[in-house]
Amino acid sequence: MLQLASILHTQGFKIIIIHPESYSPNHSDHPHFTFKPIVDGFSEIGKHIPEKPDPSFFITYLNEHCADSFTDCLAGLLAEPDEPPCVQVEF
C-alpha cells in the first residue's frame, strides 16, 4: 500500500495514512505523507483475551475497537477546508 501511495504522490496526490496506534509506519521513511493514528484499544486487550484465542480473535477485536475512531478521523479529514477528498487507509 505504501508503494501505491508513493506512486500516487508522484502524480500529485496528497497522501494521508490512517493507522492504529499500535502499528505506526516509520514516518521518516515517508516524510511527504501525513500520518493520522486512531485508537485501537490494544492497551485494554488483556481483559478480553480468551485463554486460547484463535487468530481471528485479534482481527475481530481490532475491527470492533477501531470502527468509531476510524469513522471520526475520516469525518474530520473530510470536513477540513481546502483538503482533497482522497484518503489512503492502511491497517
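Everything quoted here is computed from the prediction, not taken from an experiment.

Undergrad: Honestly, the overall build of the chain in this entry has me stumped. Any pointers?
TA: Broken down by element type, the chain carries two helices and three strands. Scanning the chain from its N terminus toward the C terminus, one meets helices and strands in the order α-β-β-α-β. Taking all 91 residues of the chain together, the buried fraction comes to 26%. Carbon and sulfur atoms form 58% of the exposed surface of the chain, whose accessible area is close to 6100 Å².

Undergrad: Help me understand the side chain of Ser 69, please; the structure alone is not making it clear to me.
TA: As for its placement among the helices and strands, Ser 69 is situated in helix 2 (residues 55–79). Given a relative accessible area of 16%, Ser 69 falls into the buried group. In this structure the side chain of Ser 69 is engaged in a polar contact, spanning 2.8 Å, whose partner is the backbone oxygen of Val 39.

Undergrad: Explain the nonpolar core to me, please; I cannot follow it from the model alone.
TA: Generally speaking, soluble globular proteins have nonpolar side chains that are buried together. In this structure, Ile 16, Ile 18, Ile 38, Leu 62, Cys 66, Cys 73 and Leu 77 together form the largest nonpolar core, which totals seven residues. The element that contributes the greatest number of residues to this core is helix 2, accounting for four residues. Among the nonpolar cores identified, the runner-up in size contains five residues, and Ile 15, Ile 17, Phe 33 and Phe 35 belong to it.

Undergrad: What is the right way to read helix 2 from this model?
TA: Since there are 3.6 residues in each turn of an α-helix, residues three or four apart along the chain are aligned in direction. Here helix 2 is 25 residues long and its end C-alpha atoms lie 36 Å apart, about the 36 Å a rise of 1.5 Å per residue gives. The largest bend along helix 2 reaches roughly 45 degrees and is located at Cys 66. Listing the buried residues of helix 2 in full gives Phe 57, Tyr 61, Leu 62, Cys 66, Ser 69, Cys 73 and Leu 77. Looking at the buried side of helix 2, the elements it contacts are strand 1 (16–20) and strand 2 (34–38).

Undergrad: Can you walk me through the packing of aromatic side chains in this structure?
TA: Two aromatic rings, taken as a pair, are described by how far apart their centres are and by the angle between their planes. Scanning the model with the defined rule gives two aromatic pairs in all. For the pair Phe 33 and Phe 35, a centre-to-centre distance of 6.5 Å together with 45 degrees between the ring planes defines the contact as tilted.

Undergrad: What exactly am I supposed to notice about the environment of Tyr 61 here?
TA: Its place among the elements puts Tyr 61 in helix 2. C-alpha separation for the pair Tyr 61 and Phe 42, spaced 19 residues apart in sequence, amounts to 8.6 Å.

Undergrad: What should I look at first to understand the side chain of His 30 in this one?
TA: Mapped onto the elements of the fold, His 30 is located in the loop between strand 1 and strand 2. On the basis of relative accessibility, which here comes to 14%, the residue His 30 falls in the buried class. For His 30, the contacting residues outside a window of four places in its chain are Leu 2, Ser 6 and Phe 35.

Undergrad: Explain the pairing of strand 1 here, please?
TA: For a regular strand, side chains alternate in direction, first toward one face of the sheet and then toward the other. Burial analysis of strand 1 places five of its five residues in the buried class, the great majority of the element. Here strand 1 shows two buried faces, one formed by Ile 16, Ile 18 and Pro 20 and the other by Ile 17 and His 19. Alignment of strand 1 against strand 2, held across five bridges, turns out to be parallel. Paired with Ile 16 across the strands is Thr 34, a residue of strand 2.

Conventions used here
Residues numbered from 1 in each chain as written. Predicted model: local features only at pLDDT ≥ 70, side-chain atom pairs only at ≥ 80, totals over all residues. Heavy atoms only, no water. Helix = DSSP H or I, 4+ residues; strand = E, 2+ residues; numbered from the N terminus. Buried < 20%, exposed > 50% of the residue type's maximum accessible area, 1.4 Å probe, protein only. Areas by Shrake-Rupley, 256 points an atom, 1.4 Å probe, with all protein chains shown as cover. Polar contact = N/O pair within 3.5 Å; in protein donor to acceptor, adjacent residues only side chain to side chain. Core = buried A, V, L, I, M, F, W, Y, C linked by side-chain atoms within 4.5 Å. Expected span 1.5 Å × (residues − 1). Bend = angle between axes of the 7 residues up to and from the residue. Contact = heavy atoms within 4.5 Å. Phe/Tyr/Trp six-rings, centres within 6.5 Å; stacked < 30°, edge-to-face > 60°. Pairing = 2+ DSSP bridges.

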